[in-house]
Every structure is written in structure tokens, then in C-alpha cells.
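# Structural features, examined
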Amino acid sequence: NTGDIISINTDSGHTLFFHFLPLDLGCVNGYSVGLKLYAAPEASYYDAARRIVVNGADAVVFIGDPRISKKEDNLKLLSALEEHAAELPVVFQWHYLGGEMEEVPLYSRDDMDALLNREGALSFPVTEEKEVLSVLKETVKLVTARLRGV
């Protein structure tokens, strides 16, 4: 099943868009397991979309931008996440993909952890597309452990 683009019209006239990708993982120990992956944009006027996305979620992957120029944006997004999803486990992904990353000053993984990952949650620097699946796998493990009460 391919992902859909979901849109929500707002009172302010903005149309909010975010990606939705449902994954069916089959049965695990007699339980039907599925994932619903959502990606919401970072712009501040998408706060309503992010609030909707985290409602009913079991975990959040916070994708941080390591460009030094994005420090304030990252902090604002984390603050909003903490407000809307304080009880959810969070996995941090530091997004080092793209040619523009080679041409601008970047925070290191340690700097990103110090700035945003104050609780010492799992964090992953992603420099290749295939590493995104590792982040997803670790997030699923975290949710599974939490559901088992571990």
C-alpha cells in the first residue's frame, strides 16, 4: 500500500498537508500488527497537523535538522512535541541527507543530542536512505517493549 497525502483545511485559510504510510506487518504472537506512519512538516502553521498526527500515536520519531542555522526551528518543534506528546516515547533522527548538508555548518551528533535529546533517548544520525529503516526498526522495538510493560 502506498502512502497518501492527507490534507486538512484550517480556519485561517491554510491547507495542511502531511504524508501517511500504512504498513501491515502481519501477525506477531497472534496479534495483527500494523504501523501508521505520518510525517508532518516543520512550519509553525502546521502545528494543528502535528497535534492531530500525535493523537493516538504510540511513539514519535523527531527528525532534527543538524544545520546550525536551524537551531531555533528545532527547539520550537521539540517544545511543541513536548506539549502535545509528553507521554510518548521519542526516538531522535539527525538528518544528514542531501547535498546541501555538505556546504553549510552542521552540528555533530553529540551536539544534536546535547541540544535536543536531553533525556538520553535513542538517537541515530542518518547519512544514507537505508538507515531510515534502522530508525523505524528501533522505534518498533521501543513501542513493543512499552506495550509488554518492559
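As a reminder, the structure under discussion sits directly above these lines.
Residue positions within a chain follow its written sequence, with the count starting from 1. It should be noted that, the model being predicted, local features are given only for residues of pLDDT at least 70 and side-chain atom pairs only at 80 or more, the latter also being counted only at that level, while totals for whole chains, interfaces and linings use all residues. Excluding hydrogens and water, the side-chain values take into account all heavy atoms of the structure.

Below, the discussion takes up the nonpolar core. If you look at the biggest cluster of nonpolar residues, it comprises 16 residues, and the most contacted ones within it are Val 60, Phe 62, Leu 81, Phe 92, Trp 94 and Leu 116. At the level of secondary structure, the elements contributing two or more residues to this core comprise strand S4 (60-64), helix H2 (71-84), strand S5 (90-95) and helix H3 (109-116). The contact criterion used throughout is that any non-hydrogen atoms of two residues lie within 4.5 Å. Ignoring sequence-local partners within four residues, the contact set of Phe 62 consists of Asn 74, Leu 77, Leu 78, Leu 81, Val 90, Val 91, Phe 92, Gln 93, Trp 94 and Leu 116. Here, nonpolar core refers to any group of buried Ala, Val, Leu, Ile, Met, Phe, Trp, Tyr and Cys residues whose side-chain atoms link them within 4.5 Å. Each residue is assigned to one of three classes by its accessible area relative to the maximum for its type, calculated with a 1.4 Å probe on protein chains only: buried under 20%, partly exposed between the two thresholds, exposed over 50%. Comment: elements are numbered from the N terminus, with helices defined as DSSP H or I runs of at least four residues and strands as E runs of at least two.

Between 30 and 60 degrees the pair is tilted, below 30 it is stacked and above 60 it is edge-to-face, where a pair is any two Phe, Tyr or Trp rings, Trp via its six-membered ring, whose centres lie within 6.5 Å. Applying the stated rule across the entire model yields two aromatic pairs. Through a chain of ring-to-ring contacts, the aromatic side chains of Phe 62, Phe 92 and Trp 94 assemble into a single cluster.

Bringing the sheet that holds S4 into the picture now. The pairing of strands in a sheet comes from backbone hydrogen bonds and takes either a parallel or an antiparallel form. The three strands lie next to each other as S4-S5-S6, forming an open sheet whose pairing is parallel. Looking along the sheet, the strands with just one partner apiece sit at the ends: S4 and strand S6 (123-126). Shown here is a sheet whose adjacent strand axes are inclined to one another by a mean of 25°, direction ignored. In this structure, S4 lies alongside S5, joined through five bridges in parallel fashion. Each bridged residue has a counterpart across the sheet, and for Phe 62 the counterpart in S5 is Phe 92. Here helix H4 (residues 131-148) sits on the sheet and contacts S4, S5 and S6; the angle it forms with S6, its principal contact strand, is near 165°. Should DSSP find at least two bridges between two strands, the strands are taken to pair. Fitting a line to C-alpha atoms yields each axis, with helices limited to the stretch in contact; the angle taken between N-to-C directions then spans 0 to 180 degrees.

As for its placement among the helices and strands, Ser 123 is situated in strand S6. When its relative accessible area of 7% is taken as the criterion, Ser 123 is described as buried.

All right, on to the packing of helix H1 (residues 47-54) against H2 then. Contact geometry for H1 and H2: axes closest at 10 Å, N-to-C directions at 45°. Between H1 and H2, the crossing angle belongs to the class labelled oblique. When the axes of H1 and H2 are compared, the crossing they make is right-handed. On the side of H1, the interface is formed by Asp 47, Arg 50, Arg 51 and Val 54, while H2 contributes Leu 77, Ala 80, Leu 81 and His 84. Lys, Arg, Asp and Glu make up the charged group, whereas Ala, Val, Leu, Ile, Met, Phe, Trp, Tyr, Cys and Pro make up the nonpolar group; the residues left over, Gly among them, are polar. Among the residues making up the contact of H1 with H2, the classes are represented as four nonpolar, one polar and three charged. To sort the angles, those under 35 degrees are grouped as roughly parallel, those over 145 as roughly antiparallel, those from 65 to 115 as roughly perpendicular, and the leftovers as oblique. Handedness of a crossing is defined here by the sense of rotation of the near helix relative to the far one, left-handed for an anticlockwise turn of less than a right angle and right-handed for a clockwise turn.

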